[in-house]
Amino acid sequence: MKKIPAYLLALLVLVSCVKHADWTIPQTTSDLIAVDGILTNERGTQNITINHPVSQLNGTAVPVTGATVNVLTSDSIWTLTENPAGSGVYRTSSTFIALLGKTYTLNIFLGSKVYSAKSAMTAGTVFPPLIYAKNDNDSLYHIEYVASAFSSNQPAMWEILANWTRVPGYEHADTNKCKARLLFYTLPTLDESEIFAPVVESVSFPAGTQMIERRYSLAPQHAEFIREMLLETSWQGGLFPTAAANVSTNLSSGAVGFFGVCAVDKLSLIVVK
């Protein structure tokens, strides 16, 4: 019996059939709410966003308005204000700051229902700046490296804000096309779906671009929530997709999403030739 050459086996793995599939998305009940909120150690107004889940792909979320929202610790309580009214975005005062060593409880009162979650901050750490490199086919640059995708004891989310609206030649360009927000993750697990995830769009920027890099520390439960969310979204569609499943949450029954508390470490840099 003849052996199949290794390159043919690799080709068989890489080539797959495309099958049309119609997804039936179950209708959600009006009682279910989706919470998105992170408190940080950066002093200033911080937001908790509350919506009803959408029942159609790319649908517009309906804000949960008129709720009473507060955050408390063992010795303090803060009442958040919905601003603007009807937006479903609930804001702290401009003097709020989350502290290491405290446990924060989020309470949402909506009609006769109460939703709650608890979270505590994991310590932050200093970090080296990201690495960028020049594109091969033009004079622009791209991000080459931010951080290791895996760390068993220091999970983190990395937020990169790039702005080249003031770079010569871009002063009169559409400002929305001269800014970018990129997210990277360091997680305590390394999944096949992550390693063989679909290719994502690469963002290019000119020399002179101003960059702000933030590292958000993640508690273990927060890191697991992000991992499960990525498995259901960005990491789907690769060579090793996972079976669809509900994403875990630290919120009480009737709510999805996550309430987190993160330490933020920040640095800034300017892209040079």
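Everything that follows concerns the structure shown earlier in this document.
Nothing here was measured: the structure is a model prediction, and the numbers come from that model. Per chain, the residues get numbers from 1 upward, laid out in the order the sequence is written. Reporting in this predicted model follows two pLDDT cut-offs: at least 70 for local features of residues, and 80 or more for side-chain atom pairs to be given and counted; totals over whole chains, interfaces and linings ignore these cut-offs and use all residues. Hydrogens and water molecules were not included; the side-chain quantities draw on all heavy atoms of the structure.

Visitor: What exactly am I supposed to notice about the pairing of strand 13 (residues 210-217) here?
Guide: Each regular strand carries side chains that alternate between the two faces of the sheet. For each residue, the accessible area found with a 1.4 Å probe, counting protein chains only, is set against the maximum for its type, and the residue is called buried under 20%, exposed over 50%, and partly exposed in between. Note on conventions: DSSP H or I runs of at least 4 residues are helices, E runs of at least 2 residues are strands, and numbering of each starts at the N terminus. With six of eight residues buried, strand 13 lies mostly within the body of the structure. At least two bridges found by DSSP between two strands are what make those strands a pair. The sheet contact formed by strand 11 (residues 156-163) and strand 13 spans eight bridges and is antiparallel. Directly across from M157, in strand 13, lies its bridge partner Y216. Taken together, the seven bridges between strand 13 and strand 15 (residues 264-270) define a ladder with antiparallel strand orientation. Note that in strand 15 the partner of I212 across the bridge is S268.

Visitor: How should I be thinking about the side chain of H222 in this particular structure?
Guide: Note that H222 resides in helix 3 (residues 220-232). Here H222 falls in the buried class, since its relative accessible area comes to 6%. Excluding residues within four positions of it along the chain, H222 makes contact with I38, F258, G260 and C262. Contact criterion: two residues are considered in contact whenever any of their non-hydrogen atoms come within 4.5 Å of each other.

Visitor: Even after reading the chapter, I still don't get the packing of aromatic side chains, so can you show me in this structure?
Guide: For any pair of aromatic rings, geometry is given as the distance between the ring centres together with the angle between the planes. Here is the rule: rings of Phe, Tyr and Trp (six-membered ring for Trp) pair when centre to centre is within 6.5 Å. Planes less than 30 degrees apart are stacked, more than 60 are edge-to-face, and the remainder are tilted. Inspection of every chain in the model, using the stated rule, returns six aromatic pairs. Here the aromatic rings of Y132 and Y141 are separated by 5.9 Å at their centres, their planes lie at 85 degrees, and the arrangement is edge-to-face. Take Y141: its relative accessible area is 8%, and that puts it in the buried class. Among the aromatic side chains, those forming a connected cluster through ring pairs are W78, F96 and Y104.

Visitor: Would you mind showing me how to read the pairing of strand 5 (residues 77-82) here?
Guide: Examined bridge by bridge, strand 4 (residues 68-72) and strand 5 share four bridges and lie antiparallel to one another. Across the sheet, N70 pairs through a bridge with T79, a residue of strand 5. The hairpin formed by strand 4 and strand 5 contains four residues between the paired strands. Joining the antiparallel neighbours strand 5 and strand 6 (residues 89-91) is a turn of six residues, in which G86 adopts a positive phi near 85 degrees.

Visitor: Looking at this model, I keep getting lost on helix 3. Mind explaining?
Guide: Owing to its 3.6 residues per turn, the α-helix aligns residues three or four sequence positions apart on the same side. Under the 1.5 Å per step criterion, the end-to-end length of helix 3 is 19 Å for 13 residues, consistent within 8% with the ideal 18 Å. Residues H222, A223, F225, I226, R227, E228, L230 and L231 constitute the buried set of helix 3. Against the buried residues of helix 3 lie strand 1 (33-40), strand 12 (179-186), helix 2 (192-195) and strand 14 (255-262). To estimate the expected span of a helix, subtract one from its residue number and multiply by 1.5 Å.

Visitor: Please clarify how the pattern of salt bridges should be interpreted in this entry.
Guide: Once the charged atoms of two side chains with opposite charge are near each other, the side chains can pair. Each salt bridge in this description consists of a side-chain nitrogen of Lys or Arg and a carboxyl oxygen of Asp or Glu lying within 4 Å of one another. Under the counting rule described, the total for this entry stands at six salt bridges. Salt bridges sharing common partners tie together E42, E159, R181 and R214.

Visitor: Got a minute to help me understand the sheet that holds strand 12 in this structure?
Guide: Strands pair in a sheet through their backbones, by hydrogen bonds, and they do so in one of two ways: parallel or antiparallel. In spatial order, the strands read 12-11-13-15; together these four strands make up an open sheet with antiparallel pairing. Of all the strands in the sheet, just strand 12 and strand 15 have a single pairing partner and so form its edges. The average undirected angle you get between the axes of adjacent strands in this sheet is 15 degrees. What counts as an axis is a line fitted to C-alpha atoms, over the stretch in contact for a helix, and the angles between N-to-C directions run from 0 to 180 degrees.

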